[in-house]
There are 2 protein chains.
Amino acid sequence: MIDLYSVVSRVSPTKEEEDRIREVTDLAVGRLNAYLRENNINAVPAVVGSSSRNTNLVHSLRSSDVDIFLVFPRDARMEDLKKFGLAAGHHILPEGVEKYAEHPYVNGFINGIKVDIVPCYAMDKGERKISAVDRTVLHDKYLKSVLTDDLRKEIRLFKAFLISAGVYGSEVSKAGFSGLVSELIIVRLGSFLGAVQYFSSRRGNIAIPESDKGIHGFHSPLVVMDPVDDTRNAAAAVSTENMARLKMQCRLFVKNPSESFFFRNKREPVDWRSASDRGTHFRVIEIPRPDEVDDVIYPQANRFRNVVFDYLERAGFLPVSSGIEIGNEVLVLIETERKLLPLVERHTGPPVDSPNSMDFIEKWTSSPDRLRGPYIEGDRLMVERVRALRDLDEAIINCVKVTGIGKHLDPLKEDLKMHDPVKVMRFDELMNQYMSRGIMDS
Amino acid sequence: MIDLYSVVSRVSPTKEEEDRIREVTDLAVGRLNAYLRENNINAVPAVVGSSSRNTNLVHSLRSSDVDIFLVFPRDARMEDLKKFGLAAGHHILPEGVEKYAEHPYVNGFINGIKVDIVPCYAMDKGERKISAVDRTVLHDKYLKSVLTDDLRKEIRLFKAFLISAGVYGSEVSKAGFSGLVSELIIVRLGSFLGAVQYFSSRRGNIAIPESDKGIHGFHSPLVVMDPVDDTRNAAAAVSTENMARLKMQCRLFVKNPSESFFFRNKREPVDWRSASDRGTHFRVIEIPRPDEVDDVIYPQANRFRNVVFDYLERAGFLPVSSGIEIGNEVLVLIETERKLLPLVERHTGPPVDSPNSMDFIEKWTSSPDRLRGPYIEGDRLMVERVRALRDLDEAIINCVKVTGIGKHLDPLKEDLKMHDPVKVMRFDELMNQYMSRGIMDS
């Protein structure tokens, strides 16, 4: 049997970690209040996020941030909110940098703890949001009003389980469960085991609670209604694949519960160089990283990966699967069964009874690319012709040349490089990730 | 413009050929009558076939036989018909051999001309046939009653055109137009050009006359009603592919008529050894020839070819196409794009929501054949496993081992041999046929 009490204590922050976060929070809020007062800025700091709700995890599982929102009145001008909000942020975080995802904010460190200072507008339940992040303070208020110490334990168990299953994180590249969604699920289902039972026993799309299924025409794999906006699905970012992963992990846990379901966030290294005589071919396509955040780059990189994959599939190279890494470069890994295709390519023509059949015969009978035929198979014309692209590298290059690969990646096409990762050390981590792909990996 | 008069004279038998056939016919019939009289056999010889109707072709296009049926009264016992019929045949053809296709007969040569002596039962229009060949004499009578010298010329043009298009011959391996069907088409459509116009302008299934289309529920690509049995489609043997070939040839002829459409029965040799760097792999599978006629062997050989082709397709070897030759051995030629497949094979599992998903994970997690996974793609489980059959030769051998390849071929499985025809001279003709495959080739 599994001792969930012991797991709770292992996934919760240590006393030292809690103290340190509290110190940093107090320090930042104190300085912020003084700054606002001194500069006559009409805004109020609000400490939000899992570390302020005591639903964060031990540092070894996931590092905790301190998130402070600066709440401006609803009649403040957007340019003032931006100007004074960022100024306050820079005052608190002298080495902080401005970030713009959907919204400007300042990000920096105090005593080694990551701190975000985020300006926003005040908003009450039922009111329209003005900036992209205004709802966050309301979410935080709601959660703090319903959380108990018991629920906090259950939330920590569930979050560790989600991380271990590889489905935690709502960033675009992850398409998993946000902190908010994880906490709402436990609030509504009451416990970690209740949630696991729920997911393990459901098929198809899921709603929590069940009665919300299909509300407002949501066709998402998961529906978790936003507590401050009942027209919104807070879990819209969760992909079908991540729901499938979570269901599978829940079923495996129910069948055979063990502590390993909470601590599998570290991938075991695979000796893929000696184990990888798969008889296949690997290519890493490398593009310089555009100066944008991951959430902007990732969809383009993913589309790029899919474009290349589909192109190689249509061209007959039999791609096996692929991987992505976005770090200092954008890396797309492709594995294919074939590297060199035969010269001859079968080309299916129209049915004999089609009006185009004569043209097909005339065209191919005199074509220099004709190898054999035209001949008839069943009721169709066929011809065997010279294949235009036989080589894997040529095919990839050609695909990149003729296809748009995304607004920010397109200007960097010229700098594309192709590597055989088997011959290059620096792709070992990407290859290791790829080769050890398991039930919890994307 | 094309001079059809000149073509008629080129495709008709020479005076010498006609004389020789008449001499052989007279000799055989004379001897046969004497033999029947001397032995008190109650049967009447009937000379049938295209050489007796003057619808045969010049020897260089197709050699002519002399077909003599021995017509027994309808109350004769089958064993007497067989006994006396074959005895008469052996008397006329001392070196002749007995053949059993659907029916026993004697086949031999007189002065270099092939002669068949075939016992059958008398039959009048509307009567039921007793043996398989009884209708032939009636067909011959019908045709002789309607043929004119003009129609004979048109028939010869049409037959030469059909041979050139590769669609003449009703034997099982050919699935083309019999002499009877060719002659009926011209009798009904009036002329060679009429027939060509007819075929070139029709789509889908065809009936001659049009009004017969779909009669009695025939769903054949071609319906030509039997003149002595209006419940029978005389053209049932014609395959969809051969109809497609004929239509295409007719369209090409109508667009650009030339004498070459009558004299393409000889295939031009292709220098395939130097021209054939197709980047593909060839195998000839050789099985000893069972002691049976082509019409018995061919369907089995063809099924064998299809079984191997489909097996290789499913196994991932990407077969291009195939050929058959039935001579002293049964030869099946297969061309594939791939010879060695990678070790890794993707295996698609059940959807995550399926009741089998847990078993799939448990089975593969502990399987020694597991290479990567199980992992989730979309809503499905996938695993990469060790491929059982990677090598083309192994795969063919395995296919033959595990599959029934036909009643007469199965006992000869043990003697199967496999060759790379690129390295063996004696398959040059088969390879040449294969490599020069064109619009009129099967």
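Quantities reported herein were computed from a predicted structural model and do not represent experimental measurements. (Residues numbered from 1 in each chain as written. Chains lettered and ligands numbered in written order. Predicted model: local features only at pLDDT ≥ 70, side-chain atom pairs only at ≥ 80, totals over all residues. Heavy atoms only, no water.)

Novice: Quick one: what's the story with the overall build of chain A, residue by residue and with numbers?
Specialist: A tally of regular secondary structure across chain A gives 14 helices and 15 strands. Reported as C-alpha extents along the three principal axes, the dimensions of chain A are approximately 85 × 55 × 50 Å. Going through the 442 residues of chain A one by one, you find that 52% of them count as buried. Partitioning the intrachain contacts of chain A with sequence separation of at least 6 by distance along the chain shows that 66% fall at a separation of at least 24. Roughly 20300 Å² of accessible area belongs to chain A as shown, and the carbon and sulfur atoms make up 49% of that amount. Across chain A, the mean location of the 61 positive side-chain charges is 2 Å away from that of the 65 negative side-chain charges. (Helix = DSSP H or I, 4+ residues; strand = E, 2+ residues; numbered from the N terminus. Buried < 20%, exposed > 50% of the residue type's maximum accessible area, 1.4 Å probe, protein only. Contact = heavy atoms within 4.5 Å. Areas by Shrake-Rupley, 256 points an atom, 1.4 Å probe, with all protein chains shown as cover. Lys, Arg positive; Asp, Glu negative; His and termini not counted. Charge placed at Lys NZ, Arg CZ, Asp CG, Glu CD.)

Novice: Describe the side chain of Ser220(A), and please don't skip the residues or the numbers.
Specialist: Residues and elements named next belong to chain A. Within the secondary structure, Ser220 sits in the loop between strand 6 (206-208) and strand 7 (222-226). Relative accessible area serves as the criterion here: at 16%, Ser220 is assigned to the buried category. Setting aside residues no more than four positions away along its own chain, Ser220 makes contact with Asn205, Asn233 and Ala236.

Novice: Before we move on, could you go through the interface of chain A and chain B and cite the residues and values that matter?
Specialist: Contact with chain A, which involves 52 residues of that partner, is made by 52 residues of chain B. Around 4300 Å² of area is buried between chain A and chain B when both sides are counted, 54% of it from carbon and sulfur atoms. Per-residue buried area on chain A facing chain B is highest for Arg278(A), Asp353(A) and Arg372(A); these three make up 16% of the total on that side. Counting across the chain A and chain B interface gives twelve salt bridges. In this structure, Arg251(A) and Asp353(B) form a salt bridge, with 3.1 Å as the shortest nitrogen-oxygen distance. The element best represented in the side of chain A that touches chain B is helix 9 (residues 240-255) of chain A, accounting for nine residues. (Buried area = accessible area lost by both parts, 1.4 Å probe. Salt bridge = Lys/Arg side-chain N within 4 Å of Asp/Glu carboxyl O.)

Novice: Describe the sheet that holds strand 8 (residues 229-233) of chain A, and please don't skip the residues or the numbers.
Specialist: The strands that make up a sheet are held in pairs by hydrogen bonds between backbone atoms, and each pair lies either parallel or antiparallel. All names here are of chain A. Taken in spatial order, the three strands make up an open sheet running 6-7-8, and their pairing is mixed. Both outer strands of the open sheet, strand 6 and strand 8, are each paired with one neighbouring strand and no more. Mean inter-strand twist for the sheet, computed between neighbouring axes without regard to direction, equals 25 degrees. As paired elements, strand 6 and strand 7 share three bridges and run parallel to each other. Counted as the bridge partner of Ile208 is Val224 from strand 7. (Pairing = 2+ DSSP bridges. Axes fitted to C-alpha atoms, helices over the stretch in contact; angles between N-to-C directions.)

Novice: Explain unusual backbone geometry to me, and be specific about the residues and the numbers.
Specialist: Backbone torsion omega between Gly373(A) and Pro374(A) reads 0 degrees, so that peptide bond is classified as cis. As for its position among the elements, Pro374(A) is in strand 13 (residues 370-377). Pro209(B) follows Ile208(B) through a cis peptide bond whose omega is 0 degrees. With phi around 55 degrees, Ala175(A) is a residue other than glycine that occupies positive phi space. Structurally, Ala175(A) can be placed in the loop between helix 6 (149-164) and helix 7 (179-189). Its identity is not glycine, yet Asn54(B) carries a phi of approximately 60 degrees, on the positive side. Within the element layout of this structure, Asn54(B) appears in the loop between helix 3 (50-53) and strand 2 (65-72). What makes Asn54(B) partly exposed here is its relative accessible area of 34%.

Novice: Lay out the pairing of strand 14 (residues 380-386) of chain A in plain terms, naming residues and giving numbers.
Specialist: Residues and elements named next belong to chain A. Both strand 12 (residues 344-351) and strand 14 contribute to a ladder of six bridges, which runs antiparallel. When the bridges of strand 14 are listed, Glu345 appears paired with Arg385. Of the strand pairs in this sheet, strand 13 and strand 14 are connected by five bridges, and their pairing is antiparallel. Bridged to Arg372 within strand 14 is Glu384. What sits between the antiparallel neighbours strand 13 and strand 14 is a turn of two residues, in which Gly378 has the positive phi angle 65 degrees.

Novice: Break down helix 5 (residues 135-146) of chain B for me, with residues and values.
Specialist: The end-to-end C-alpha distance of helix 5 of chain B, which contains twelve residues, comes to 17 Å, matching closely the 16 Å that a straight helix rising 1.5 Å per residue would cover. Regarding helix 5 of chain B, the residues found buried are Arg135(B), Val137(B), Leu138(B), His139(B), Asp140(B) and Leu143(B). (Expected span 1.5 Å × (residues − 1).)

Novice: Can you explain the sheet that holds strand 11 (residues 329-336) of chain B? Please cite residues and give values.
Specialist: All names here are of chain B. Ordered by their spatial adjacency, four strands build an open sheet running 10-11-9-15, and the pairing between neighbours is antiparallel. The open sheet has two edge strands, strand 10 (319-326) and strand 15 (417-419), and neither has a second partner. Strand-to-strand, the axes of this sheet are offset by a mean angle of 20 degrees, without reference to chain direction. Here helix 11 (residues 294-315) sits on the sheet in contact with strand 9 (281-288), strand 10 and strand 11, set at roughly 160 degrees to strand 10.

Novice: Break down the relation of the copies chain A and chain B for me, citing the residues and quoting the values.
Specialist: Overlaying chain A on chain B yields an RMSD of 0.2 Å, the required transformation being a rotation through 180 degrees with an accompanying axial translation of 0.0 Å. In the structure described here, the two chain copies are related by an operation that fits a two-fold rotation axis. Closest approach to the rotation axis within chain A is made by the C-alpha atom of Arg338(A), at a distance of 4.5 Å. A shared binding surface is used by both copies, with 100% of the interface residues of chain A retained as interface residues in chain B. (Least-squares fit on C-alpha atoms with pLDDT ≥ 70 in both.)

Novice: Give a description of the nonpolar core that names residues and reports values.
Specialist: Side chains of nonpolar character tend, in soluble globular proteins, to be buried together. Counting 57 residues, the largest nonpolar core has Phe161(A), Phe177(A), Ile185(A), Phe192(A), Phe199(A), Leu222(A) and Phe262(A) as the members making the most contacts within it. A total of eight residues in this core trace back to one element, the largest contributor, which is helix 6 of chain A. One finds Ile2(B), Leu143(B), Tyr198(B) and Cys250(B) within the second-largest nonpolar core, a separate group that totals 56 residues. (Core = buried A, V, L, I, M, F, W, Y, C linked by side-chain atoms within 4.5 Å.)

Novice: Lay out the packing of helix 11 (residues 294-315) of chain A against helix 13 (residues 392-402) of chain A in plain terms, naming residues and giving numbers.
Specialist: Residue and element names in this part refer to chain A. For the pair helix 11 and helix 13, the least separation of the axes is 10 Å and the interaxial angle reads 130 degrees. Accordingly, the angle class assigned to the pair helix 11 and helix 13 is oblique. Between helix 11 and helix 13 lies a crossing of right-handed hand. Where helix 11 approaches helix 13, its residues Phe304, Val307, Val308, Tyr311 and Leu312 are matched on the opposing element by Leu392, Ala395, Ile396, Asn398, Cys399 and Val400. (Parallel < 35°, antiparallel > 145°, perpendicular 65-115°, else oblique. Left-handed = near helix turned anticlockwise from the far one by under 90°.)

Novice: Before we move on, could you go through the packing of aromatic side chains and cite the residues and values that matter?
Specialist: Two aromatic rings, taken as a pair, are described by how far apart their centres are and by the angle between their planes. Under the defined criterion, the tally for this structure stands at 28 aromatic pairs over all chains. Connected via pairs of aromatic rings, a cluster forms that spans Phe161(A), Phe192(A), Phe253(A), Phe261(A), Phe262(A) and Phe263(A). Its guanidinium or amino end placed over the ring of Tyr198(A), Arg202(A) lies 3.9 Å from that ring's centre, counting from NZ or CZ. Between Arg372(B) and the ring centre of Tyr434(A), over which it is positioned, the NZ or CZ distance is 3.9 Å. (Phe/Tyr/Trp six-rings, centres within 6.5 Å; stacked < 30°, edge-to-face > 60°. Lys NZ or Arg CZ within 6 Å of the ring centre and 35° of its normal.)

Novice: Quick one: what's the story with the pairing of strand 5 (residues 113-121) of chain B, residue by residue and with numbers?
Specialist: Residues and elements named next belong to chain B. The element strand 5 is extensively covered by neighbouring structure, given that eight of its nine residues are classed as buried. Inspection of the sheet shows strand 2 paired to strand 5 by eight bridges, in the parallel sense. Opposite Ile68, over in strand 5, you have Ile117 as the bridge partner. As judged from the five bridges shared by strand 4 (residues 104-110) and strand 5, these two strands associate in the antiparallel manner. Across the sheet, the residue bridging to Phe109 is Lys114, located in strand 5. Between the antiparallel neighbours strand 4 and strand 5 lie two residues, among them Asn111 with a positive phi of about 50 degrees.

Novice: Break down the packing of helix 2 (residues 15-38) of chain A against helix 4 (residues 78-92) of chain A for me, with residues and values.
Specialist: Residues and elements named next belong to chain A. Orientation of helix 2 relative to helix 4, taken along the N-to-C sense of each, is 130 degrees, at an axis distance of 10 Å. Relative to helix 4, helix 2 is oriented oblique. Two packed elements cross with a definite hand, and for helix 2 against helix 4 that hand is right-handed. Side by side, helix 2 and helix 4 meet where Ala28, Arg31, Leu32 and Tyr35 of the first sit next to Ala87, Ala88, His91 and Ile92 of the second. Across the contact of helix 2 with helix 4, the residue classes break down as six nonpolar, one polar and one charged. (Nonpolar A, V, L, I, M, F, W, Y, C, P; charged D, E, K, R; others polar.)

Novice: Can you tell me about the side chain of Arg338(B), naming the residues and giving the values?
Specialist: Position of Arg338(B) among the secondary structure elements: in the loop between strand 11 and strand 12 (344-351). A polar contact is formed between the side chain of Arg338(B) and the side chain of Glu337(A), at a distance of 2.9 Å. Look past the residues within four positions of Arg338(B) in its chain and what remains in contact with it is Leu318(A), Glu337(A), Arg338(A), His281(B), Gly316(B), Phe317(B), Leu318(B) and Leu392(B). (Polar contact = N/O pair within 3.5 Å; in protein donor to acceptor, adjacent residues only side chain to side chain.)

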